[in-house]
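Architecture at a glance
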Amino acid sequence: MEKQLAFYFDMSACVGCKACQVACKDKNDLPVGLRWRRVLEYGGGDWIKHPTLANLVVPTSVFAYAISTACMHCQSPLCAQICPTAAITKRADGIVLVNQDQCIGCRYCEWACPYGAPQFNERKGVMTKCNFCEDLLAKGENPVCVAACPMRALEFGDLAELQTKYGKDNAFAPWPSADLTRPALVVTPHKHAFPSGKGGGMILDPEEM
Amino acid sequence: MVKNCGWNEIAPIPKYNRVIEGYEDSFKDLKNKVKGEFPLQLYTIHYTRRTHSVFDNVTWLREAFPQELIMNPSDAEVRGIKTGDTVLVTSRHGKVLRQVFLTERMMPEVVTLGEGAWVMIDEATGIDLAGATNILNGAIPTGQGHSGWNSCNVQITKWTGKPLDADAKWPPRIPLKEA
């Protein structure tokens with residue numbers, strides 16, 4: 001494959017404002033429950049009683065960071081491998097797309113994807129997911145999440161070029177290990193970010209997953 | 001003149017001002033540090049869902065920001081509360097229901113709730129379901145230094161009735177139609 005489109009996410013800059021999530025919902029007119037791009041908060045730490053002063057507590061290692069997750073347009077997409085009708089395909093430019101005419105709504109890809117990217121549209125009865133704003137790319141514009149980010153924490157481009165520019169980091173808690181699907185993602189970690197699988201915290205808003 | 005109106009003044013030099021319904025008022029017996037009926041300090045934040053009360057009815061924003069009560073896990077643990085539970089917030093002035101969000105970023109014994117939610121009183125119980133902080137805060141004119149409508153003492157208990165639906169699932173409110 002000569003090209004692989006990828007997202008770059010600057011975790012150290014993300015403030016968790018969810019502008020990317022709402023812009024995505026606006027552009028794709030998604031109902032409540034479907035969020036092709038979503039922002040979660042990961043955090044932990046502890047407060048301990050002060051050794052000498054009663055009633056005083058002091059924070060130890062309290063941390064939190066936000067992650068913005070969309071389809072990673074993986075280099076080995078599990079969703080495409082598991083799809084029984086071959087409705088999910090990977091284009092020559094690396095974008096993973098669902099052909100909704102071919103999708104039977106079995107939701108296998110929803111189980112397979114470790115990032116929760118394919119999401120079931122109950123009204124249409126088919127799977128939907130981030131399409132990298134392919135219509136905007138064709139017009140030479142940015143994907144809306146990238147365009148909406150007020151912290152400029154999101155970028156997109158060719159994976160190899162992004163890796164040259166920002167390094168190869170792409171696996172931080174609570175995301176899974178990159179070995180699973182080889183996501184097309186480059187991340188600048190937050191200063192408190194844990195590597196995948198070694199998280200010292202928890203997703204603070206699990207109902208929003 | 002400010003004093004004649006019954007309002008407070010602040011000192012010309014920086015010094016500690018005791019505020020109405022502040023830290024000291026959360027105790028029954030301050031000297032021996034015995035907490036009273038409303039042991040937690042609630043302060044209000046500019047919530048990310050909206051600008052004060054503007055845009056509170058936008059469903060996508062309601063989904064993104066659920067108007068959660070934010071508290072420290074240690075305070076929740078002693079009350080048997082877990083993330084996502086519906087809790088009853090009681091102050092000297094009113095009661096609201098909200099889902100709870102636990103994070104260590106919140107200092108123990110302090111809780112916060114975003115200001116500006118659109119009041120939705122349950123007529124049967126008199127409890128506000130939307131989590132409007134104006135229901136919790138008293139009408140306390142203060143003059144200078146601190147604002148009586150921004151903070152209060154509260155108690156939080158696990159709600160044993162029907163849990164609240166997520167705000168995004170409520171029927172959308174459109175003011176012109178309501179008028």
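What comes next concerns the included structure. Each residue is numbered by its place in its chain's sequence as written, counting from 1. Written order determines the labels here, with chains lettered from A and ligands numbered from 1. Per-residue local features are limited, in this predicted model, to residues with pLDDT of at least 70; the limit for side-chain atom pairs, both in listing and counting, is 80 or more; totals at the level of whole chains, interfaces and linings are taken over all residues.

1. Things to note about the overall build of chain B
Helix and strand assignments come from DSSP, with helices taken as H or I runs of at least 4 residues and strands as E runs of at least 2, each series counted from the N terminus. Tallying secondary structure elements over chain B gives four helices and 10 strands in all. Secondary structure of chain B in N-to-C order comes out as β-β-β-α-β-α-β-β-β-β-β-α-β-α. C-alpha atoms define the radius of gyration, and 2.2 Å times the number of residues to the power 0.38 defines the globule rule. Relative to a compact globule of 179 residues, whose C-alpha radius of gyration would be 16 Å, chain B shows 17 Å and is just as compact. Dimensions of chain B, computed from C-alpha atoms along their principal axes, come out at roughly 50 × 40 × 30 Å. The burial criterion counts other C-beta atoms lying within 10 Å of a residue's C-beta, which is placed from the backbone; the residue is buried at 20 or more, exposed at 12 or fewer, and partly exposed between these limits. Looking at chain B as a whole, 32% of its 179 residues qualify as buried. Summarising the internal contacts of chain B: among those between residues at least 6 apart in sequence, 69% fall at separations of at least 24. The contact criterion used is a C-beta to C-beta distance within 7 Å, with each C-beta placed from the backbone.

2. A few points about the sheet that holds strand β3 (residues 57-69) of chain A
Note on pairing: DSSP must find at least two bridges between two strands before they are called paired. What the three strands build is an open sheet, ordered β3-β2-β10 (chain A); its pairing is antiparallel. Two strands bound the open sheet, and with one partner strand each, they are β3 and β10 (202-203) of chain A.

3. What about the sheet that holds strand β1 (residues 5-10) of chain A?
All names here are of chain A. Pairing within the open sheet is mixed, and its three strands lie in the order β8-β1-β9. Across the chains shown, the open sheet's two edge strands, defined by having one partner strand only, are β8 (154-158) and β9 (185-188). Each neighbouring strand pair of the sheet contributes to a mean axis angle of 20°, computed without reference to strand direction. As judged from the five bridges shared by β1 and β8, these two strands associate in the antiparallel manner. Across the sheet, residue Phe7 finds its bridge partner in β8, namely Phe156. Packing of helix α6 (residues 159-166) onto the sheet brings it into contact with β1, β8 and β9, and relative to β8 it is tilted by some 125°. Angles here are taken between N-to-C directions and fall from 0 to 180 degrees, while the axes themselves are lines fitted to C-alpha atoms, restricted in helices to the stretch in contact.

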